[in-house]
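Examination of the molecular architecture
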Amino acid sequence: MKLNTILLDIAEGVATVTLNRPERLNAFTGEMHAELRQALAMIAADASVRALLITGAGRGFSAGQDLSERMMSPAAAKVDVGDSLDKNYNPLLKRLRALPMPVVCAVNGVAAGAGCNLALACDIVIAARSASFLQAFARIGLIPDAGGTYTLPRLIGTARAMAAAMLAEQISAERAEQWGLIWKCVDDDKLSDEARALTRRLATQATKALGLMKRAIYASAANTFERQLDLERDLQREAANSEDFREGVTAFKEKRPATFTGR
Ligand code: T3D
């Protein structure tokens, strides 16, 4: 598959997608969205892939929508931004959430606009200490999209979410970790190794259970306690039907490390 705006690597159970327009801080174009769709379809269809890592090339993670595709001149045809969300961003976010495997995001530099919200929609976010998170939308007269108005208040509460959205100030990786916006930040020179090691480790775990965990935890935001208990029962039944559950219990009894296959 020939790709111009992203890199895709699949090895040792891990798929790595690198946003690759470093000269534009990996801003999203229509072409990048099309390539991400192709890559995610390939990852979902490849039974050998048990975890996904997303990162960016160069000094930024992603500056969000490429604004050169949105140049407004009186002569230019008006862009329907709602169509762009319907066609590009919303399916991307839904596909990532629906992937039945852990998705790790390694934020290597600034993550702005939809780039920030793509990162925050991943299951585990690890960032370089010099990275930052910016809800840039208010600076250009937009509202947070790509799931931002959903994820932000759930991750950091309404007070911080509102100020992050309205003030559009850069949030450092250290503050993001303190607030619980991300899992953790690490020294810049450790990011790549730590993110790869973490994703490889996830790829050796009981993939089916991790995929079900993801479904349960994301569903909890819209569920009552009672409905969540019912969902846990249903998903636990599925987890317990896996070969990995049998292996986990057998390994425990035999006092040896479990070897999970993801089945
Ligand atoms: O339209 C729809 O489809 C709806 C969806 C919208 C989703 C969105 O994401 S809207 C939000 C779009 N993003 C932004 O508003 C962020 C714009 N960028 C920035 O504010 C800054 O670049 C950063 C704070 C992210 C980083 O600042 P800095 O000083 O580190 O870098 P820089 O010098 O501003 O950028 C480096 C280059 O990348 C520069 O190009 P140049 O001058 O070297 O030729 C800059 O123009 C370019 N660049 C940065 N962001 C974008 C971009 N080019 C196109 N689109 C960008 N978003």
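Residues numbered from 1 in each chain as written. Predicted model: local features only at pLDDT ≥ 70, side-chain atom pairs only at ≥ 80, totals over all residues. Heavy atoms only, no water.

**Brief notes about the overall build of the chain**
Just so we agree on the cut-off: Think of it this way: any DSSP run of H or I at least four residues long counts as a helix, any run of E at least two long counts as a strand, and we number them from the N terminus. For this measure, only C-alpha atoms enter the radius of gyration; the expected value for a globule follows 2.2 Å times N^0.38, where N is the number of residues. Any residue under 20% of the maximum accessible area for its type is buried, any over 50% is exposed, and the rest in between are partly exposed; the area is computed with a 1.4 Å probe on protein chains only.
Helix and strand content of the chain: 9 helices and 10 strands. The globule rule puts the C-alpha radius of gyration for 263 residues at 18 Å, and the 19 Å found for the chain is close to it. Counting only C-alpha atoms, the chain reaches 70 × 45 × 35 Å along its principal axes. Buried positions account for 45% of the 263 residues belonging to the chain.

**What to know about the packing of helix α1 (residues 30–45) against helix α2 (residues 81–98)**
The following threshold applies: Only the stretch in contact is used when a helix axis is fitted, and all axes are lines through C-alpha atoms; the angle between N-to-C directions ranges over 0 to 180 degrees. Here is the rule for angles: anything less than 35 degrees is roughly parallel, anything more than 145 is roughly antiparallel, 65 through 115 is roughly perpendicular, and the remaining ranges are oblique. Helix crossings are classified by the rotation of the near helix relative to the far one: an anticlockwise turn of less than a right angle makes the crossing left-handed, while a clockwise turn makes it right-handed. For this analysis, residues touch if any pair of their heavy atoms sits within 4.5 Å. The classification used treats Ala, Val, Leu, Ile, Met, Phe, Trp, Tyr, Cys and Pro as nonpolar, Asp, Glu, Lys and Arg as charged, and all other residues, Gly among them, as polar.
Two elements in contact, α1 and α2, have axes whose closest approach is 10 Å; the angle formed by their N-to-C orientations is 25°. Here α1 lies roughly parallel to α2, going by the angle between them. Taken as a pair, α1 and α2 cross one another with a handedness that is left-handed. Here His33, Leu36, Arg37 and Leu40 of α1 come into contact with α2, specifically with Lys87, Asn88, Tyr89, Leu92, Arg95 and Leu96. Looking at side-chain class alone, the contact of α1 with α2 contains 5 nonpolar, 2 polar and 3 charged residues.

**Focus on the site of the ligand**
This is how the line gets drawn: Whether a residue is near a molecule or strand is decided by its heavy atoms; if any one of them lies within 4 Å of it, the residue is near. Polar contacts here mean pairs of N or O atoms no more than 3.5 Å apart (in protein, one a potential hydrogen donor and the other a potential acceptor; neighbouring residues in sequence count only if both atoms are side-chain atoms). Only the protein chains shown count as cover for residues, with accessible areas throughout obtained via the Shrake-Rupley method and a probe of 1.4 Å.
As a structural note, the neighbourhood of the ligand is formed by 22 residues, with Gln65, Leu67, Arg70, Ser84 and Ala114 the closest of them. Contact between the ligand and arginine 59: an oxygen atom at 2.9 Å from a side-chain N or O atom of the residue. For the ligand, an oxygen atom lies 2.6 Å from a polar atom in the side chain of arginine 70. Its free accessible area being 1,000 Å², the ligand has 69% of it covered by the protein chains. Of all the elements, α2 adds the most residues to the shell around the ligand, at 3 residues. Here the residues of the shell around the ligand are counted per class, giving 12 nonpolar, 4 polar and 6 charged.

**Quick word on the environment of proline 102**
Counting through the fold element by element, proline 102 comes out in the loop between α2 and β5 (103–107). Overall, the relative accessible area of 9% leaves proline 102 in the buried class. With 33 residues separating them in the primary sequence, proline 102 and glutamate 69 have C-alpha atoms 32 Å apart. When near neighbours in sequence (up to four residues on either side) are disregarded, proline 102 contacts Arg50, Ala51, Leu52, Asp123, Leu202 and Leu210.

**A look at the packing of aromatic side chains**
Defined as follows: Centre distance within 6.5 Å is the pairing criterion for rings of Phe, Tyr and Trp, where only the six-membered ring of Trp is used; planes under 30 degrees apart are then read as stacked, over 60 as edge-to-face, and the remainder as tilted. Charge-over-ring contacts are defined here by two conditions on Lys NZ or Arg CZ: a distance within 6 Å of the ring centre and an angle within 35 degrees of the ring normal.
What the rule picks out here adds up to 1 aromatic pair. A cation over a ring is seen here: arginine 154 above tyrosine 150, with NZ or CZ 3.6 Å from the ring centre.

**Comments concerning the sheet that holds strand β8 (residues 132–134)**
So the rule is basically this: At least two bridges found by DSSP between two strands are what make those strands a pair.
Spatially, the 4 strands line up as an open sheet ordered β4-β6-β8-β9, and their pairing is mixed. Two strands close off the open sheet at either side, each with one partner strand: β4 (60–62) and β9 (171–172).

**Some remarks on the pairing of strand β2 (residues 14–19)**
The line we're drawing: We call a crossover right-handed when, viewed with both strands directed away from the observer, the connection leading from the first strand over the helix to the second proceeds clockwise.
Most of β2 is tucked away, with 6 of its 6 residues classed as buried. Burial along β2 is two-sided: Val14, Thr16 and Thr18 and Ala15, Val17 and Leu19, pointing in opposite directions, are all buried. In this sheet, β2 lies alongside strand β1 (residues 6–11) in antiparallel orientation, the contact comprising 6 bridges. Bridge pairing in β2 places leucine 8 opposite valine 17. Of the crossover connections in this fold, the one passing from β2 over α1 to the parallel strand β3 (residues 51–56) is right-handed.

**Details of the pattern of salt bridges**
Threshold: Should a side-chain nitrogen of Lys or Arg be within 4 Å of a carboxyl oxygen of Asp or Glu, the pair is scored as a salt bridge.
Taken as a whole and judged by the stated rule, the model has 11 salt bridges. Linking aspartate 230 and arginine 233 is a salt bridge whose minimum nitrogen-to-oxygen distance equals 3.5 Å. Taken together, the residues aspartate 230 and arginine 233, both in helix α8 (residues 225–240) and 3 residues apart, mark about one turn of the helix. Aspartate 230 sits in the partly exposed class, given a relative accessible area of 38%. Note on arginine 233: relative accessible area 43%, which makes it partly exposed.

**With respect to the pairing of strand β7 (residues 124–128)**
Most of β7 is tucked away, with 4 of its 5 residues classed as buried. Direction of pairing for β5 relative to β7: parallel, over a ladder of 4 bridges. If you follow alanine 106 over to β7, its bridge partner there is isoleucine 126.

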